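Each chain is listed here by its residues.
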Amino acid sequence: MQRWIVLFVFICLTASSILAQTAPVVGIRENTPSVHAFTNARIVVSPGKVIAKGTLVVRNGIIEAAGENVTLPPDARVWDMSGRTLYPGLIDLATDYGIPKPPPQQQAGGFDPFQAPPRPDPVKGAAHWNPKVRSDYDAVSEFQQESRAAEKLRSQGFTLVLAIPQRGLFRGTSALVHLGDGAPVDLVIKSKVAQHVTFEQTPGFFGGYPNSLMGVIALIRQTWLDADWYRKAHDTYANTPKADDRTKRPETNAALEALQDAVQGRFGELTSSRQPVVIEVSDDLNFLRAAKIQREFNLNTWVFGSGQEYRRLDAIKAAKLPVIVPLNFPETPSVDTPEEALNVTLEELQHWDAAPENAGRLSKAGVPISLTSAQLKDQATFLGQVRKAIERGLSADAALAAVTTTPAKWLGMENRFGTLDKGKVANIVITDGDLFAEKTKLQEIWIDGKRYEVKPPPANDPRGTWDVTISTDPGQQGSLSLKGEADKLSGTLNWKEKELKFSAVAFSAGRLALTVATDSIGWAGTTTMSATPGEKEMQGVGNKPDGSSFA
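Residues numbered from 1 in each chain as written. Predicted model: local features only at pLDDT ≥ 70, side-chain atom pairs only at ≥ 80, totals over all residues. Heavy atoms only, no water.

**Looking at the overall build of the protein**
- Per the secondary structure count, the protein includes 14 helices and 26 strands.
- Buried positions account for 44% of the 551 residues belonging to the protein.
- Put simply, of all contacts in the protein between residues at least 6 apart along the chain, 59% involve residues at least 24 apart. (Helix = DSSP H or I, 4+ residues; strand = E, 2+ residues; numbered from the N terminus. Buried < 20%, exposed > 50% of the residue type's maximum accessible area, 1.4 Å probe, protein only. Contact = heavy atoms within 4.5 Å.)

**Points about the side chain of Lys544**
- In this fold, Lys544 is placed in the loop between β25 (538-543) and β26 (549-550).
- An unpaired buried charge is present at Lys544: no salt bridge exists, and Asp473, the closest side chain of opposite charge, is 4.8 Å distant.
- When neighbours within four sequence positions are excluded, Lys544 is seen to be in contact with Thr472, Trp523, Thr526, Thr527 and Phe550. (Lys, Arg positive; Asp, Glu negative; His and termini not counted. Salt bridge = Lys/Arg side-chain N within 4 Å of Asp/Glu carboxyl O.)

**Quick notes on the pattern of salt bridges**
- Using the criterion set out here, one finds 21 salt bridges in the structure.
- We note a salt bridge from Asp378 to Lys152, for which the minimum N-O separation is 3.2 Å. Highlighted residues: Asp378 in the loop between β15 (369-372) and α12 (382-391) and Lys152 in helix α2 (residues 147-154), separated in sequence by 226 residues.
- Overall, Asp378 belongs to the partly exposed group, its relative accessible area being 30%.
- Close ionic contact of Arg361 with Glu357 constitutes a salt bridge, the shortest N to O distance being 2.7 Å.
- The network of salt bridges with common partners includes Asp284, Arg311, Arg312 and Glu347.

**Notes on the environment of Leu442**
- Structurally, Leu442 is set in strand β17 (residues 442-447).
- Residue classification places Leu442 among the buried residues on the basis of a relative accessible area of 12%.
- Between the C-alpha atoms of Leu442 and Lys455, which are 13 residues apart in sequence, the distance is 8.3 Å.
- When near neighbours in sequence (up to four residues on either side) are disregarded, Leu442 contacts Arg154, Ser155, Gln156, Gly157, Leu383, Val429, Ile430, Thr431, Leu435 and Val454.

**Concerning the environment of Leu256**
- Along the chain, the position of Leu256 falls in helix α5 (residues 254-258).
- For Leu256 and Asp136, which are 120 residues apart along the polypeptide, the C-alpha to C-alpha distance reads 7.7 Å.

**Thoughts on the sheet that holds strand β7 (residues 158-163)**
- The four strands lie next to each other as β6-β7-β9-β10, forming an open sheet whose pairing is mixed. Strand pairing shows two members of the sheet lacking a second neighbour, β6 (90-95) and β10 (188-190), which therefore form its edges. Here the average twist between neighbouring strands, direction ignored, is 30 degrees.
- As paired elements, β7 and strand β9 (residues 175-178) share four bridges and run antiparallel to each other. Its bridge partner being in β9, Leu162 is matched across the sheet by Leu176. (Pairing = 2+ DSSP bridges. Axes fitted to C-alpha atoms, helices over the stretch in contact; angles between N-to-C directions.)

**Remarks on α12**
- Within α12, the full set of buried residues consists of Phe382, Leu383, Gln385, Val386 and Ala389. Relative to the axis of α12, the buried residues are bounded by an arc of 160 degrees and lie together on one face.
- Its buried side turned inward, α12 meets β7, β15, α13 (396-401) and β17.
- Directly beyond the C-terminal end of α12, a positive phi value near 125 degrees is found at Gly393. (Arc of directions from axis to C-beta.)

Here's what the structure looks like:
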């Protein structure tokens, strides 16, 4: 009997270890099923596939059902989504999220030709002879979750991003990561997604080789040639029966070794299973140079575009390369004075006018596109920029596909991400209208079945109209009106039949602060007030210009 008890305990412990993650658990293990049912929702399953009013069920982070007549599981928490629309989580294929940033001189516009760059790190391991060839660098090795950056990206509907290394010409491999909270081991979905190459130049006397576009392209071509030679040399050495003086052992080079997944079968048929090579370009001419490199070495290439692709649309269409399209449209040129107008070139004016049409023109030409928030001054403007692109010719369905189904397909993960079909990961965007409509607000983001409020409403919202009484004026009654976003309020005070507009309104940590000029009601100067809003009333104090206070 004792042997059976021991055997039973052993089986239980073994089973629990199989189900466990690798890190030890501190405290009680959480294993309660997480089941959610979103009812009465408009569900955009994928671009062009919409359920007008249906139910979506999520179990343990996976979509269990989505349809009009879905039976609610008895163990589900029910969320009434009346007036809400559910979209698949958006995917951005070109971010620096969670990745160490390059030194200032490597950032755009930060180069000083008369200042020597920081001394490079000492060479360690079997590195490439040129420090700008960093193809062996893996983004996962230094990835860290960034709460504020994740919050900003989530505010635009993103749930999944490609985190790209930021240094060198051959920058290394990117990682696909979720934008939720947690440790990197839980957030990284896939490592070594793609190799990343750029034409970035380091001009000046101290930049090192290469410091010209010609040199950059020469080094890129030579590196791919070396990678192909490296494969053949090691294959030959491995297949030689025994060493002799004619068979020299080839060098070990970590950078060239890391390129093998992209260069394998260079002279064979190009297949999507090969590791992608993302080439970042700065203008339309460099796009054509990238296409030439792709043809020469038969690489599985995506191009991270410049926004100028419309200038050579026929040539870019003929290249048949997927394009990651930035939406950093130029600001309106200042031409208020004759001098300013003379400083603006015709080329600048033409680009300012045509840039918002770039994505639409590429899409209509049949070029596969994905949209990115990269290169925007403020990533929180992404949806607004998409809206401009839609106004200038990009269809709403094409825009949605460019941030959902298309990037999921490029990643080879369309069976898990990109739509709200059964079996997909529960990455969900919840809005109060059409995603790209001007007045639509994102309400919530769900990542891996976990809920994130985009902008949590204040515990006691001060917006609305309040009746006002002031202790120093008994019998007098007025009103106070507040409107706008919770973090950007405006409003008025009606007192003694005068409407006074607040010059400043601040609401933070549950405390409301108001400033208003009160000359028109006989209090010469500025009056300040503060209060703590409750559910239906708020108590506070104020100071008149003469220094006296009131409640």
